[in-house]
Amino acid sequence: MNIHEFQAKALLKKYGIPILESCIAHSSEEAVKAAQDLGGSSWVLKAQVHAGGRGKGGGIKIAKSLDEVKILSQKMIGMNLITPQTGKTGEKVHRILVEKTAEIDKEFYLALLVNRSTSKVSVIVSDQGGMDIEETARKFPDKIVRVNIHPITGLCSFQKRACADLLGLNKKTEGEFFKIIETFYSLFLKEDLSLLEVNPFVLTKDEKLCPLDAKVSLDSNAGYRHPHWSEYVLEEELNTPSAQAQLQGFSFVPLDGYIGCMVNGAGLAMATMDMIQLCGGMPANFLDVGGDADAKRIQTAFQFILKDPKVRGVLVNIFGGIVRCDLIAEGIIQAVSNLDMKIPLVVRLEGNSADEAKALLQKTNLNITSARGLKEATEQIISLTT
C-alpha cells in the first residue's frame, strides 16, 4: 500500500526527522493562503499522486511570488499528470503540497527496502540523488552503496560509516546522518514498511540534512496491526477499480490491453499475462480472484473486467486445488448467463475435478470455449479477439 508524500512526511515528522514546513491545498485559493502562512518569497508546489518522476511531467513547480502560486496551482490541481510511472492514462491531481524552498548544497539518494533475495532490510545510498537515480544505477554502479541489515545485529556502525563515506559528509553532518539513518531503520520496523525512499535527501547550505521528498510503501500483510492505516486512503481513491476490488477481497489492476484476465493466484496471473504477450496479445488487467472462487466472486470479477470498454474477450485460467473445478465451471456458466456476455470467453481449468468441469462447459450453449493448456487457451482468445 503506497501513501502520498504529505502523508509520508507526516510519518517522518512523527519520528523526529527534520522536514521542511508545508501545507496541503485542494484549490488555488488554499495554495495562496498556504504560501502566505508559510512565509518566505518562494515555494515548491508538488502534485500529490502515487507516481515518481513528477518533475518530468510538470508535477513539481517553483513559484517565486503569490501570483505565480495562484497561476501554477490553477494549472496543476485537476490536471491529468503523466509521468514515466503512470503510463499513458496518467493520474488526476486532486491536491498539491505547498512547501518552503531550501538552499541546496548537495543532493543524495537514500532508501530502505525489504530485500527478498536476502530476507533482510537493505539500505541503499548514493551521492547522485535526483530524478535520474535509475540512470545512475545503470551507468555508475560504484556510486551506490548497498548494505544488508541483519535482524539480530541491527544497523552496525561500520555500515553507517560506509554510507556516510560515500556521501562525503564532514564530522558535523556525519553524526546527524547517523541519527537519521538509525531513526529511519527504527521507523521502518515499527511501522511495517516495505519501502522508504528519500530522493532527494539533501545537504543544505547551512549544513543541515533534510528529506525533500519521501515515498513510503506499507506492507499490507501487517495491516491488522495498524487499524489507523485506513486513514491513509483518500476519498477519491476509494472509487478506483483497484480499491473497489480490494473491498471485494481480490486484486485488480487495469492495464492498456484488450484481453480480460481472470486467474486465481498472483503467480499464475503474472504467468497468464506473460503468455498473452508472448503470443502477440495484450492483457487488459491483472486480476487475482483468490483461492475461494465461488459463483458470486466470479460474477463480481467479470463485472470489473467488463467495465473496461477496451475488453474484446476474456481468458479465465484457474487451477483447482482445494476448490473444485466443476463448481468453478458452474459459477462461470451462471455468471455469463446473468451478465448476458456477448464477447468471447475462453476457459482453462486444471486440477481438482477438471474433467467434470470441461464436460459442463461443453454442454452449455453459451459463448464459452474450453481449452486444455494455457498456450492453447491464449492462442484461442487472441484469435477470437483480433
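Quick caveat, the model's predicted, so the values are computed rather than measured.

Enquirer: Explain the overall build of the protein chain here, please?
Expert: The helix and strand tally for the protein chain stands at twelve helices and 19 strands. In terms of its C-alpha atoms, the protein chain occupies a principal-axis envelope of roughly 75 × 50 × 40 Å. Sequence-distant contacts in the protein chain: of pairs separated by 6 or more residues, those separated by 24 or more amount to 67%. Accessible area for the protein chain stands at about 18,900 Å²; split by element, carbon and sulfur atoms hold 52% of it. Across the protein chain, the mean location of the 44 positive side-chain charges is 2 Å away from that of the 46 negative side-chain charges.

Enquirer: Please explain the pattern of salt bridges as it appears in this structure.
Expert: Side chains that carry opposite charge are capable of pairing whenever their charged atoms lie near each other. By the definition in use, this model includes 20 salt bridges. The residue Lys9 makes a salt bridge to Glu5 at a minimum N-O spacing of 2.9 Å. Taken as a pair, Lys9 and Glu5 lie in helix H1 (residues 5–14) at a separation of four residues, close to a single helical turn. For the pair shown, Lys9 and Glu5 are each scored as buried. A salt bridge links Arg225 to Asp192; the shortest N-O distance between them is 2.9 Å. Of this pair, Arg225 sits in the loop between strand E13 (215–218) and helix H7 (241–248) while Asp192 sits in the loop between helix H6 (171–190) and strand E11 (193–204); the two residues are 33 residues apart in sequence, bridging distant segments of the chain. For Arg225, a relative accessible area of 47% translates into the label partly exposed. Residue classification places Asp192 among the buried residues on the basis of a relative accessible area of 14%. Through salt bridges with shared partners, a single network forms among Glu5, Lys9, Lys46, Arg54, Glu99 and Asp213.

Enquirer: Please explain the pairing of strand E7 (residues 96–100) as it appears in this structure.
Expert: When a strand is regular, its side chains alternate between the sheet's two faces. Counting buried positions over the five residues of E7 gives four, a clear majority of the element. In this structure, strand E2 (residues 22–25) lies alongside E7, joined through four bridges in antiparallel fashion. If you follow Cys23 over to E7, its bridge partner there is Val98. Bridge count for strand E3 (residues 43–47) against E7 is five bridges, and the pairing is antiparallel.

Enquirer: What is the right way to look at unusual backbone geometry in this model?
Expert: At the junction of Asn199 and Pro200, the peptide bond is cis and its omega measures out at 10° in the coordinates. In this structure, Pro200 sits in strand E11. A positive phi angle, close to 55°, is found at Asp192, a residue other than glycine.

Enquirer: For this particular structure, what's the right way to read the nonpolar core?
Expert: If you look at soluble globular proteins, the nonpolar side chains tend to sit buried side by side. With 40 residues, the main nonpolar core has Val123, Phe177 and Phe184 as its most contacted residues. Residue assignment for this core shows that the elements contributing at least two residues are H1, strand E8 (104–115), strand E9 (120–126), strand E10 (144–149), helix H5 (157–167), H6, E11 and E13. At eight residues, H6 tops the list of elements feeding residues into this core. Within the second largest apolar cluster, 32 residues are counted, among which are Val289, Phe304, Ile328 and Met341.

Calculation criteria
- Residues numbered from 1 in each chain as written.
- Predicted model: local features only at pLDDT ≥ 70, side-chain atom pairs only at ≥ 80, totals over all residues.
- Heavy atoms only, no water.
- Helix = DSSP H or I, 4+ residues; strand = E, 2+ residues; numbered from the N terminus.
- Contact = heavy atoms within 4.5 Å.
- Areas by Shrake-Rupley, 256 points an atom, 1.4 Å probe, with all protein chains shown as cover.
- Lys, Arg positive; Asp, Glu negative; His and termini not counted.
- Charge placed at Lys NZ, Arg CZ, Asp CG, Glu CD.
- Salt bridge = Lys/Arg side-chain N within 4 Å of Asp/Glu carboxyl O.
- Buried < 20%, exposed > 50% of the residue type's maximum accessible area, 1.4 Å probe, protein only.
- Pairing = 2+ DSSP bridges.
- Core = buried A, V, L, I, M, F, W, Y, C linked by side-chain atoms within 4.5 Å.

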